[in-house]
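Topology and contacts: notes
What follows is the residue order along each chain.
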Amino acid sequence: MKTMKVGIIGCGKISGIYMENCHRFEVLELVAVADLDRQRAEEQAAAYNVPNVFSVDEMFASPEIELIINLTIPAVHAEVCIRALESGKHVYVEKPLAVTREEGHAVLETAKRKGLLVGCAPETFFGSGIQTALQLVEDGIIGKPVAATAFMMSRGHEFWHPDPEFYYASGGGPMFDMGPYYLTALVQLLGPIKSIAGMTGKAMTERTITSEKKRGQIIPVDIPTHVTGLLQFEQGAIGTLITSFDVFGGSALPPIEIYGTHGTLQVPDPNTFGGPVRYRLMGEHEWTEAPLLPGYQQNTRGIGVADMAYAVQSGRAHRASGELANHVLEAMWAFHDSSDEQTFYKMKSTCQRPAALPVNLPLYTLDQ
């Protein structure tokens, strides 16, 4: 396998872990970064030994770069992806794929027309935690999955994030911020979604920033901050999902549980790569902690980029695909549409359930 030359657009908080991990995968060579704030790009390039700092236009024009990692703000995810594709480059984007379904479709159609690949975070389902849970499901440990619950219970981000405004603007909220982790994990474990029923609300119309940079600033809440509903999966299981920024006293609910005809499976936080994974079978009174599969337990954001780079060269399907991200994007909007219209939403898209990660390869090698 040859090394694929990579450029990153967007040098904000999340970029550091991508830059760090790009250096670890033998298939990736990070050669340039770009940001509208050139000083920020230069600081990240120096911190992570990246040889070039480009303008955004220079990144698109560079004949050297084959794949762009798009770490811009969600509002321009689709625009930057489409420009990268039109420039003849594969693109991998932070979640969500786009803000609207129409933008998501446009990204996929552009990729199809140009004969290029689109990938999208989250790739946390590559981690040992969810991969171990997947193997247990596929091995039938808990029998046939019949139901699932997933809970992302939070007080929001204004108390810690230096610039939390976008979390409460259009395209933000708990579903679009954290829903991709939970929905992607559920699709990995149970397959694509058939229909959704949702309800939404918000606890307050304004919030006060208490993080230091903008302490005391009042921000409007333009989106629902509590989103809940039901999912019916194509294979028959029924799920319950809550994503909330309105849980101010904490919660003891598990991130994800899968309920089968023989027992229950506890799945770790899908915003992490590790465990623990536990199960309790019918008639048992104690939980059993499953040994994690060998693989990725630390923060390995960027692994989806490496998997896509191998897929470009081998022709196999990549796991964190644009189709998967588009299915998740539609599902997130489905909760809001169902609530607004007081109807069930029937999914228009579907996707392939990602293949399990091989466990017989050295770390940072994904050529299967």
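Per an unreviewed UniProt entry, the protein chain goes by Gfo/Idh/MocA family oxidoreductase and derives from Paenibacillus amylolyticus.

For the protein chain, the assigned domains read domain 1 (4-124 + 300-320) and domain 2 (128-290). Put simply, the middle of domain 1 and the middle of domain 2, counted by C-alpha atoms, are 26 Å apart. Between domain 1 and domain 2, the contact holds 10 residues from the first and 12 residues from the second. Surface buried jointly by domain 1 and domain 2 totals about 1,000 Å² across both partners, of which 63% is contributed by carbon and sulfur atoms. Applying the counting criterion to the domain 1 and domain 2 interface returns one salt bridge. Salt-bridge contacts for Asp 177 lead to Lys 95; the nearest nitrogen and oxygen are separated by 3.3 Å.

Moving on: the UniProt feature "domain: GFO/IDH/MocA-like oxidoreductase" (unreviewed entry) in the protein chain. Look at the UniProt record and you will see "domain: GFO/IDH/MocA-like oxidoreductase" (unreviewed entry) annotated at residues 130-265. For residues 130-265, the end-to-end C-alpha separation is 11 Å, with 20% helix and 35% strand making up the annotated structure.

Topologically, Pro 74 is positioned in the loop between strand S4 (67-70) and helix H4 (77-86). In the structure, Pro 74 is positioned 24 residues away from Ala 98 in sequence and 6.4 Å away in space, judged by C-alpha atoms.

Let's shift gears to the side chain of Asn 21. The residue Asn 21 is located in helix H1 (residues 15-22) in this model. The exposure class of Asn 21 is buried, given its relative accessible area of 0%. Reaching out from Asn 21, the side chain makes a polar contact with the backbone oxygen of Asn 299 at a distance of 3.3 Å. Not counting residues within four places of it along the chain, the set of residues in contact with Asn 21 comprises Asn 299, Thr 300 and Arg 301.

This paragraph deals with the packing of helix H6 (residues 128-138) against helix H7 (residues 173-190). At a minimum axis distance of 9 Å, the contact between H6 and H7 shows a crossing angle of 30°. Relative to H7, the element H6 lies roughly parallel. For the crossing formed where H6 meets H7, the hand is right-handed. Across from Ile 130, Gln 131, Ala 133, Leu 134 and Val 137 in H6, the residues of H7 making contact are Ala 185, Gln 188 and Leu 189.

Turning our eyes to something else, we now look at unusual backbone geometry. A negative phi angle is the norm for most residues apart from glycine, just as the trans form is the norm for most peptide bonds. Each neighbour pair has its own omega, and for Lys 95 with Pro 96 the value is -5°, a cis peptide bond. Along the chain, the position of Pro 96 falls in the loop between strand S5 (90-93) and helix H5 (101-114). In this model, Gly 275 is joined to Pro 276 through a cis peptide bond whose omega is 5°. Counting through the fold element by element, Pro 276 comes out in the loop between strand S14 (263-267) and strand S15 (278-281). Unusually for a residue other than glycine, Asn 49 sits at a positive phi of about 55°. Its location among the elements puts Asn 49 in the loop between helix H2 (38-47) and strand S3 (52-54).

Thresholds applied
- Residues numbered from 1 in each chain as written.
- Predicted model: local features only at pLDDT ≥ 70, side-chain atom pairs only at ≥ 80, totals over all residues.
- Heavy atoms only, no water.
- Domains from an automatic or database assignment.
- Contact = heavy atoms within 4.5 Å.
- Buried area = accessible area lost by both parts, 1.4 Å probe.
- Salt bridge = Lys/Arg side-chain N within 4 Å of Asp/Glu carboxyl O.
- UniProt positions renumbered as here; feature names shortened; annotations may be inferred.
- Helix = DSSP H or I, 4+ residues; strand = E, 2+ residues; numbered from the N terminus.
- Buried < 20%, exposed > 50% of the residue type's maximum accessible area, 1.4 Å probe, protein only.
- Polar contact = N/O pair within 3.5 Å; in protein donor to acceptor, adjacent residues only side chain to side chain.
- Axes fitted to C-alpha atoms, helices over the stretch in contact; angles between N-to-C directions.
- Parallel < 35°, antiparallel > 145°, perpendicular 65-115°, else oblique.
- Left-handed = near helix turned anticlockwise from the far one by under 90°.

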